Amino acid sequence: MINYLLQIVALVAYAVLLVTWPNRKKKLMTNLGEQVLPLTGVTNRFMVPVLVIAPALILFQWFRNFGLMINVVLCGVALLAAELVIRERVLGAIAGVYKNGLVVDGRQLLFSEIHALPTLSYEDELEDRDEFYRRTLEIVTEQAGTLRVGFASVAERDAAVEAICKLEPRLK
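Presented here is a report on the structure given in the accompanying data block. Model, not experiment: these values are computed from the prediction.

**Considerations on the layout of surface pockets**
- Considered as a void within the structure, the largest pocket measures approximately 180 Å³ in volume.
- Arg24, Leu28, Glu83, Arg87, Val90, Leu91, Gly106, Arg107 and Gln108 are the residues that line the largest pocket.
- At the level of secondary structure, the elements contributing two or more residues to the lining of the largest pocket comprise helix H2 (21-32), helix H4 (68-93) and strand S4 (107-110).
- Among the elements that make up the lining of the largest pocket, the one with the highest residue count is H4 (four residues).
- Looking at side-chain class alone, the lining of the largest pocket contains three nonpolar, two polar and four charged residues.

So, in structure tokens, the structure goes:
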């Protein structure tokens, strides 16, 4: 009986994830403000398969009982996978520099949470770096510590850094 209740709760949670998808995007756009510079978003080709397999993984447990602990893990994995692809899809669709923050590389960073962009101070000294490293930006944040985010090209990174420094002069 507990297994069936677990599966019903997991399916309801999955439905909530799908239904709240547009509201998440709207809330993010409200927090970020007006878009200043669009960036290349990442599309995940595994989105549709994950969104199909996740509820199938939950429904499969109706035909085969793996025990309570394994059923909890399977439901958790299905919900986590759905959450990750939905979050990646939302953030990938709105990638850009905004009035109040930055959405890049599957991350949303508000300017109020960013302490510094340390690579700006020494990047001129490292001109011989590989293109991969020239496409990345190191960001020191309040909660997540030091992050490295990637851009589609060096030109896109430079345009983003210019827009960020224009919006938030303290980060120069």
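After presenting the structure, the write-up continues.
**Examining the pairing of strand S3 (residues 101-104)**
- The side-chain alternation of S3 yields two buried faces, one formed by Gly101 and Val103 and the other by Leu102 and Val104.
- Where strand S2 (residues 96-98) meets S3, two bridges bridge the pair, whose relative direction is antiparallel. In the strand pairing of S3, Val97 is matched with Leu102.
- Counted between consecutive antiparallel strands, the loop separating S2 from S3 contains two residues.
- With four bridges connecting them, S3 and S4 associate as antiparallel partners. Residue pairing across strands places Leu102 opposite Leu109, the latter belonging to S4.

**Overview of helix H3 (residues 47-60)**
- The terminal C-alpha atoms of H3, which comprises 14 residues, lie 20 Å apart, in line with the 20 Å expected from a rise of 1.5 Å per residue.
- Of the positions making up H3, those classed as buried are Met47, Leu51, Ala54, Pro55 and Ile58. Burial along H3 is one-sided: seen end-on, the buried residues are contained in an arc of 75°. Structural note: H3 exposes Val48, Val52 and Ile53 on the side pointing more than 90 degrees away from its buried face.

**Regarding the pattern of salt bridges**
- Tallying each qualifying case throughout the model produces five salt bridges.
- A salt bridge links Arg24 to Glu83, with the nearest nitrogen and oxygen atoms 2.5 Å apart. Linking Arg24 in helix H2 with Glu83 in helix H4, this pair joins segments that are 59 residues apart in sequence.

**Let's talk about the side chain of Glu156**
- Among the secondary structure elements, Glu156 is positioned in helix H7 (residues 154-167).
- It is Arg135 that comes nearest to the buried, bridge-free Glu156 among opposite-charge side chains, at 8.0 Å.
- With near-sequence residues (within four places) excluded, Glu156 lies in contact with Leu39, Thr40 and Phe151.

**Let's talk about the packing of helix H1 (residues 2-19) against H3**
- Between H1 and H3, the least distance of the axes is 9 Å, while the angle of their chain directions is 165°. As summarised for this structure, H1 and H3 are arranged roughly antiparallel, according to the angle between their axes. In this structure, the crossing between H1 and H3 has a hand that is left-handed. Facing H1, whose interface residues are Gln7, Ala10, Leu11, Tyr14 and Leu18, H3 presents Leu51, Ala54, Pro55, Ile58 and Leu59.
- Within the contact of H1 with H3, the residues separate by chemical class into nine nonpolar, one polar and no charged.

Conventions adopted
- Residues numbered from 1 in each chain as written.
- Predicted model: local features only at pLDDT ≥ 70, side-chain atom pairs only at ≥ 80, totals over all residues.
- Heavy atoms only, no water.
- 1 Å grid on protein atoms, 1.4 Å probe; cavity = no way out; pocket = protein on both sides within 12 Å on 5 of 7 lines; lining within 4 Å.
- Points joined across faces, edges and corners; volume = space filled by probe spheres on them.
- Helix = DSSP H or I, 4+ residues; strand = E, 2+ residues; numbered from the N terminus.
- Nonpolar A, V, L, I, M, F, W, Y, C, P; charged D, E, K, R; others polar.
- Buried < 20%, exposed > 50% of the residue type's maximum accessible area, 1.4 Å probe, protein only.
- Pairing = 2+ DSSP bridges.
- Expected span 1.5 Å × (residues − 1).
- Arc of directions from axis to C-beta.
- Salt bridge = Lys/Arg side-chain N within 4 Å of Asp/Glu carboxyl O.
- Lys, Arg positive; Asp, Glu negative; His and termini not counted.
- Contact = heavy atoms within 4.5 Å.
- Axes fitted to C-alpha atoms, helices over the stretch in contact; angles between N-to-C directions.
- Parallel < 35°, antiparallel > 145°, perpendicular 65-115°, else oblique.
- Left-handed = near helix turned anticlockwise from the far one by under 90°.

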